[in-house]
Amino acid sequence: MISILSQSNPEVGKHLEVVEKERTMANLIWRGLQVGRLVAVKVIEEILGRRADEPTEASRCERCGASMESKGRNRRQLVTMLGIVRWQDR
């Protein structure tokens with residue numbers, strides 16, 4: 001799993017190198033938790049990115065019923081208990 005994570009994301013790979021060098025159980029667990037949080041953020045960002053790429057039905061104006069058009073993607077970020085999650089939405 002370590003090699004797969006390292007190859008899939010260089011940032012995660014750098015953190016995993018630090019984890020492997022830890023000598024005490026407490027530090028190993030702490031660093032492992034940090035990597036887990038980083039991986040969770042990357043997974044969430046990828047899921048949000050895929051969702052933004054999915055086709056959607058055109059929204060309708062509540063007042064006149066006309067079809068509304070997308071103005072393009074907007075950068076978003078949210079501070080979560082895992083860390084900062086960044087994505088682009090429509």
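Residues numbered from 1 in each chain as written. Predicted model: local features only at pLDDT ≥ 70, side-chain atom pairs only at ≥ 80, totals over all residues. Heavy atoms only, no water.

Engineer: Explain the state of the cysteines to me, please; I cannot follow it from the model alone.
Structural biologist: In protein chemistry, a disulfide is the covalent bond that joins the sulfur atoms of two cysteines. Taken as a whole and assessed by the stated rule, the structure comprises zero disulfides. Between C61, a free cysteine, and C64, which holds the nearest cysteine sulfur, the sulfur-to-sulfur gap is 3.7 Å. Residue C61 is classed as partly exposed on the basis of its relative accessible area, which comes to 25%. (Disulfide = S-S within 2.5 Å. Buried < 20%, exposed > 50% of the residue type's maximum accessible area, 1.4 Å probe, protein only.)

Engineer: Whenever I open this one, the layout of surface pockets confuses me. Can you help?
Structural biologist: Left-over empty space is what a probe sized like a water molecule reveals as it rolls over the atoms. Volume-wise, the largest pocket comes out at about 240 Å³. Of the residues in the lining of the largest pocket, the class split is two nonpolar, five polar and four charged. (1 Å grid on protein atoms, 1.4 Å probe; cavity = no way out; pocket = protein on both sides within 12 Å on 5 of 7 lines; lining within 4 Å. Points joined across faces, edges and corners; volume = space filled by probe spheres on them. Nonpolar A, V, L, I, M, F, W, Y, C, P; charged D, E, K, R; others polar.)

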